[in-house]
Amino acid sequence: MSVATLDGRTVRVALLGCGTVGSEVTRMLIDDADELAARVGAPVELAGIAVRRPDKHPELPQHLLTADAGRLVESDVDVVVELIGGIEPVRGWLLTALRKGKSVVTGNKALLSEHAAELAEAADTSGADLYYEASVAGAIPLLRPLRESLAGDRITRVMGIVNGTTNFILSAMDSTGAGYAETLDEATRLGYAEADPTADVDGYDAASKAAILASLAFHSRVTASDVHREGIAGISASDIGAAKLLNRTVKLLAICERVTADDGTESVSARVHPVMIPRSHQLAGVNGAFNAVYVEAEAAGELMFYGQGAGGAPTASAVLGDLVAAARNRVAGGRGPRESAHAALPVRPMGQTPTRYHISLDVADKPGVLAQVAQVFAVHGVSIAAVRQRDRLSTASLVIVTHLAPDAALQATVEEISKLDVVREVVSVMRVEGEDS
């Protein structure tokens, strides 16, 4: 079903939500109206702004404000821009807009990571557009390259830092040697962490983004509930120190891979967890609140996308880019890219996903300890890549880095090792990515 042209008529925009990003979108629509009209081919008019309490926004054009988002969506508008967040009642409003043929621009990662298929189907039925560049990595042009520029290629891996709060915390721990709790307090004081940082530090935010990235990269429907998720609250200063001894650093990564089994069948692995990576890796030097995503494709090779992953103006830039694209389509009668889920690859359970572990043990300082530990690895079919040992009074520190093995086998190995009489404590366990330099 195609969308009719507007025959030169003004493109009318409804804005749902006007917080930090929405305020920047409002400013840009008003201040850059002439420039936007030239790019779109028709004037772009802000027809209304839905906010919870209009009286709390004296800085906004008062004649545009309304507390009735549903009514604004139903009104005579062409594009609905949603920046409220959350799932309900936003899901209902956006489905209404799409079913009525109104294009939607959203940055709502939580909604998209669970209900993208439903929204895409509504858009397909009516011929409307659904754009969501701002849902992952802020200002970084990432989703459009995955959907369009690399549409003819075969993407094998997408790995990146997609949460600025956790990256700020881990970067600060690495540079100062401070612990997690005090660094989180500092991040909150500086405005890099919310008063309730759960969504960030427990990995929920990154998992939603990983689901979106995996869906686009591998042409399969992946939801946030499919993504294995671990946060950073358990990362200690000693973990950071152990990484430094290996010339590595710790990052919270979203890792999405196309995995081929021995029988040739393919599946998708999507996971978010802390990782030790070599300091020579492209992602190791991404510090502070910045985001970066590393993409591997068969023809294009290795690609890196880097920039500001959050903030009012950077995210508004992504929103306006989508809005211009949607408005151009309304004017010319075209359509944006549709959902591509033709591959329909299954999601591989985390236990079957090949990973590598860094394991730090406190063990008794006596002969035969390493042999006992190595025997447990052999029983579970896990190969050891490197071992380091440091003796202390009556105890020894044993550090083991493994080769790739199914994650379940690695976990079982660690569990059995922890029960050995010669092992006093499993000090830390962390996954490892990248080749050692």
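Residues numbered from 1 in each chain as written. Predicted model: local features only at pLDDT ≥ 70, side-chain atom pairs only at ≥ 80, totals over all residues. Heavy atoms only, no water.

Asker: Would you take a moment to explain the overall build of the chain for this structure?
Answerer: In terms of regular secondary structure, the chain is built from 14 helices and 17 strands. Over its C-alpha trace the chain gives a radius of gyration of 24 Å, about what one expects of a compact globule, namely 22 Å for 437 residues. Overall, the chain is about 85 × 50 × 35 Å in size when its C-alpha atoms are taken along their principal axes. Residues classed as buried in the chain amount to 53% of the 437 residues present. In the chain, once contacts between residues fewer than 6 apart in sequence are set aside, the share between residues at least 24 apart is 74%. Summing over all exposed atoms, the chain offers an accessible surface of approximately 18,500 Å²; the carbon and sulfur share of this is 50%. (Helix = DSSP H or I, 4+ residues; strand = E, 2+ residues; numbered from the N terminus. Rg over C-alpha atoms; globule rule 2.2 N^0.38 Å. Buried < 20%, exposed > 50% of the residue type's maximum accessible area, 1.4 Å probe, protein only. Contact = heavy atoms within 4.5 Å. Areas by Shrake-Rupley, 256 points an atom, 1.4 Å probe, with all protein chains shown as cover.)

Asker: How do you make sense of the packing of aromatic side chains when you look at a structure like this?
Answerer: The full count for this structure, using the stated rule, is 2 aromatic pairs. Ring centres of F168 and Y192 lie 4.2 Å apart, and the angle between their planes is 20°; on these two criteria the pair is classed as stacked. Taken together, the residues F168 in helix α7 (residues 164-176) and Y192 in the loop between α8 (180-189) and α9 (198-201) connect sequence positions 24 residues apart. A relative accessible area of 38% means that Y192 is categorised as partly exposed. Ring centres of F290 and Y306 lie 5.3 Å apart, and the angle between their planes is 5°; this geometry places the pair in the stacked category. Here F290, found in strand β11 (residues 290-297), pairs with Y306, found in strand β12 (residues 301-308); they are 16 residues apart in sequence, far enough to count as distant. Given a relative accessible area of 32%, F290 falls into the partly exposed group. Here the guanidinium or amino end of R229 rests over the ring plane of Y204, the centre of that ring lying 3.8 Å away. (Phe/Tyr/Trp six-rings, centres within 6.5 Å; stacked < 30°, edge-to-face > 60°. Lys NZ or Arg CZ within 6 Å of the ring centre and 35° of its normal.)

Asker: I'm lost on the pairing of strand β2 (residues 44-50) in this one. Help?
Answerer: The side chains of a regular strand alternate between both faces of the sheet. Within β2, 5 of the 7 residues are buried, which leaves it mostly tucked inside the rest of the structure. Inspection of the sheet shows strand β1 (residues 11-16) paired to β2 by 6 bridges, in the parallel sense. The partner of V13 across the bridge, within β2, is L46. Sheet analysis places β2 next to strand β3 (residues 65-66), joined by 2 bridges and oriented parallel. (Pairing = 2+ DSSP bridges.)

Asker: Would you mind going over the nonpolar core with me for this structure?
Answerer: Burial of nonpolar side chains together is a common tendency in soluble globular proteins. Counting 75 residues, the largest nonpolar core has V80, L142, I155 and L213 as the members making the most contacts within it. In terms of residue count, helix α10 (residues 204-218) provides more of this core than any other element does, 10 residues in total. Discounting residues that sit within four places of it in the chain, L213 has contacts with V136, L142, L143, L146, V158, V162 and C256. If you look at the next biggest cluster of nonpolar residues, it comprises 33 residues, including V11, L29, V79 and V81. (Core = buried A, V, L, I, M, F, W, Y, C linked by side-chain atoms within 4.5 Å.)

Asker: Would you mind showing me how to read unusual backbone geometry here?
Answerer: Most peptide bonds take the trans form, and the phi angle of most residues other than glycine is negative. Here E88 and P89 are connected by a cis peptide whose omega angle stands at 5°. With respect to the element layout, P89 can be found in the loop between β4 (79-82) and α4 (90-99). Within the chain, A344 stands out as a residue other than glycine whose phi angle is a positive 50°. Along the chain, A344 falls in the loop between α12 (312-332) and β13 (354-364).

Asker: Which parts of the structure should I look at to understand helix α11 (residues 237-245)?
Answerer: The α-helix winds at 3.6 residues per turn, so residues separated by three or four positions along the chain end up facing the same way. Among the residues of α11, those classed as buried are D239, I240, A242 and A243. In a view along the axis of α11, the buried residues occupy a sector of 160°, so they form one face of it. Here the buried face of α11 lies against α7, β9 (248-260), β10 (266-278), β13 and β17 (423-432). (Arc of directions from axis to C-beta.)

Asker: Is there a simple way to think about the side chain of S208 in this case?
Answerer: Here S208 lies in helix α10. Assessed through its relative accessible area of 10%, S208 is described here as buried. A distance of 3.3 Å separates a polar atom in the side chain of S208 from a polar atom in the side chain of S113. When neighbours within four sequence positions are excluded, S208 is seen to be in contact with K109, A110, S113 and A224. (Polar contact = N/O pair within 3.5 Å; in protein donor to acceptor, adjacent residues only side chain to side chain.)

Asker: I'm lost on the sheet that holds β1 in this one. Help?
Answerer: Remark on secondary structure: sheet strands pair via backbone hydrogen bonds, oriented parallel or antiparallel. Pairing is parallel across the open sheet formed by 6 strands, whose spatial order is β3-β2-β1-β4-β5-β6. Looking at strand neighbours, the two that pair on one side only are β3 and β6 (130-131), the edges of this open sheet. Sitting on the sheet, α12 touches β1, β4, β5 (103-106) and β6, and the angle it makes with β5 is about 175°. (Axes fitted to C-alpha atoms, helices over the stretch in contact; angles between N-to-C directions.)

Asker: Is there a simple way to explain the packing of helix α13 (residues 369-379) against helix α14 (residues 407-417) in this structure?
Answerer: When two helices pack together, their arrangement is captured by the angle between the axes and the distance separating the axes. Two numbers describe how α13 lies on α14: the axes approach to 9 Å, and their chain directions differ by 150°. Handedness of the crossing formed by α13 with α14: right-handed. Facing V373, V376 and F377 of α13, the residues of α14 in contact are T413, E416 and I417. Within the contact of α13 with α14, the residues separate by chemical class into 4 nonpolar, 1 polar and 1 charged. (Left-handed = near helix turned anticlockwise from the far one by under 90°. Nonpolar A, V, L, I, M, F, W, Y, C, P; charged D, E, K, R; others polar.)

Asker: Looking at this structure, how should I read a nonpolar patch on the surface?
Answerer: A surface patch of nonpolar side chains, amounting to about 280 Å² of accessible area, comprises F290, M304 and Y306. Summarising the element assignment, M304 is placed in strand β12. A residue is classified by how much of its surface remains accessible, and M304, at 35% relative accessible area, is partly exposed. (Patch = residues over 30% accessible without salt bridge, like charges linked within 9 Å, V, L, I, M, F, W, Y side chains within 5 Å. Salt bridge = Lys/Arg side-chain N within 4 Å of Asp/Glu carboxyl O.)

Read these as layout, nothing more, since geometry by itself doesn't imply function.
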